[in-house]
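Spelled out from the first residue to the last, the chains are:
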Amino acid sequence: MRPVALDWSVENCTIARAMTVLGERWTLVVLREVFNGVRRFDDMRVRTGIPRQVLTNRLAMLVEQGVLRRGPYREPGSRVRHEYRLTGKGLDLWPVLVAVLGWGDRYLADPDGSPLAVGHRDCGAEVRVALRCAEGHELTDPRDVLPRPGPGARRRA
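Residues numbered from 1 in each chain as written. Predicted model: local features only at pLDDT ≥ 70, side-chain atom pairs only at ≥ 80, totals over all residues. Heavy atoms only, no water.

Undergrad: What exactly am I supposed to notice about the nonpolar core here?
TA: Considering soluble globular proteins, one finds that nonpolar side chains tend to be buried as a cluster. Counting residues in each nonpolar core, the largest one holds 21 residues, and the members touching the most others are Val 30, Leu 31, Met 44, Leu 55, Leu 59, Leu 62 and Leu 68. Within the residue set of this core, elements represented by two or more residues are helix 1 (14-22), helix 2 (25-35), helix 3 (41-48), helix 4 (52-64) and strand 2 (80-86). Looking at this core, the element that brings in the most residues is helix 2, giving six residues. Excluding anything up to four places from it in sequence, Leu 62 contacts Val 21, Thr 27, Val 30, Leu 31, Val 67 and Leu 68. (Core = buried A, V, L, I, M, F, W, Y, C linked by side-chain atoms within 4.5 Å. Buried < 20%, exposed > 50% of the residue type's maximum accessible area, 1.4 Å probe, protein only. Helix = DSSP H or I, 4+ residues; strand = E, 2+ residues; numbered from the N terminus. Contact = heavy atoms within 4.5 Å.)

Here it is as structure tokens:
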């Protein structure tokens, strides 16, 4: 049976567009650090081992894409430097990172478990990503999700 998806163009696919921003390994590592409160270049570089030029490029791209904003700070007796903070667009990526963390914890964690956990600020319970439809139904089986053409879909010629 021929998949119906072959009838639709993927030229303007937003998943592909998102991956041009997020698809490089170090980008998600940088975002992990900023979500964890690490905002300064030198702290990120030392903590992650990202090569200086790679980190410079990733931060510049995330600022250019509007995911991070760059702001000045100055330690007493030092020159002005910059730190990186999440924008609204960046904060909207938190569920993506929590989903990746959950997948990694399930399939890739060391025997002792993950070095990172996320919890609800109010009650402390573990946070997980869940799929829900617009009617509020929680979807526990990925096969219950049906991909279909969206409003921007174009039929293939």
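Undergrad: Would you take a moment to explain the confidence of the model for the protein for this structure?
TA: Where the model shows low pLDDT, its predicted coordinates should not be examined in detail. The share of residues in the protein with pLDDT of 70 or more is 99%, and the mean pLDDT across the chain is 94. Mean pLDDT values over the elements of the protein span from 91, in helix 1, up to 98, in helix 5 (residues 88-91). (pLDDT = per-residue confidence, 0-100.)

Undergrad: Help me understand the packing of aromatic side chains, please; the structure alone is not making it clear to me.
TA: Scanning the model with the defined rule gives two aromatic pairs in all. Here Phe 35 and Trp 94 contribute two aromatic rings whose centre-to-centre distance is 4.4 Å and whose plane-to-plane angle is 20°, an arrangement assigned as stacked. Within this pair, whereas Phe 35 is found in helix 2, its partner Trp 94 is found in helix 6 (residues 94-107), the two being separated by 59 residues in sequence. Considering the side-chain rings of Trp 103 and Tyr 107, the 5.6 Å spacing of their centres and the 50° angle between planes classify their relative orientation as tilted. One end of the pair is Trp 103 and the other is Tyr 107, both in helix 6 and four residues apart, which spans about a single turn. For Trp 103, a relative accessible area of 51% translates into the label exposed. Here the guanidinium or amino end of Arg 25 rests over the ring plane of Trp 26, the centre of that ring lying 4.1 Å away. We note Arg 155 situated over the ring of Trp 8; from NZ or CZ to the ring centre the distance is 4.7 Å. (Phe/Tyr/Trp six-rings, centres within 6.5 Å; stacked < 30°, edge-to-face > 60°. Lys NZ or Arg CZ within 6 Å of the ring centre and 35° of its normal.)

Undergrad: Explanation requested: the layout of surface pockets in the structure shown.
TA: The rolling of a water-molecule-sized probe over the atoms marks out the regions of remaining empty space. In this structure, the largest pocket occupies an estimated 660 Å³ of space. Looking at the largest pocket, it is lined by 24 residues, and the ones nearest its centre are Arg 32, Leu 97, Val 100, Leu 101 and Leu 116. Listed by contribution, the elements that provide at least two residues to the lining of the largest pocket are helix 2 and helix 6. Among the elements that make up the lining of the largest pocket, the one with the highest residue count is helix 6 (eight residues). (1 Å grid on protein atoms, 1.4 Å probe; cavity = no way out; pocket = protein on both sides within 12 Å on 5 of 7 lines; lining within 4 Å. Points joined across faces, edges and corners; volume = space filled by probe spheres on them.)

Undergrad: Please explain the pairing of strand 1 (residues 68-74) as it appears in this structure.
TA: Of the pairings in the sheet, the one linking strand 1 to strand 2 comprises seven bridges and is antiparallel in character. Paired with Arg 69 across the strands is Arg 85, a residue of strand 2. (Pairing = 2+ DSSP bridges.)

Undergrad: How should helix 3 be read in this particular structure?
TA: Regarding helix 3, the residues found buried are Phe 41, Met 44 and Thr 48. Angularly, the buried residues of helix 3 cover 70° about the axis, an arc narrow enough to put them on a single face. Helix 3 presents Val 46 and Arg 47 as exposed residues on the side facing more than 90 degrees away from its buried surface. Buried residues along helix 3 sit in contact with helix 2, helix 4 and strand 2. (Arc of directions from axis to C-beta.)

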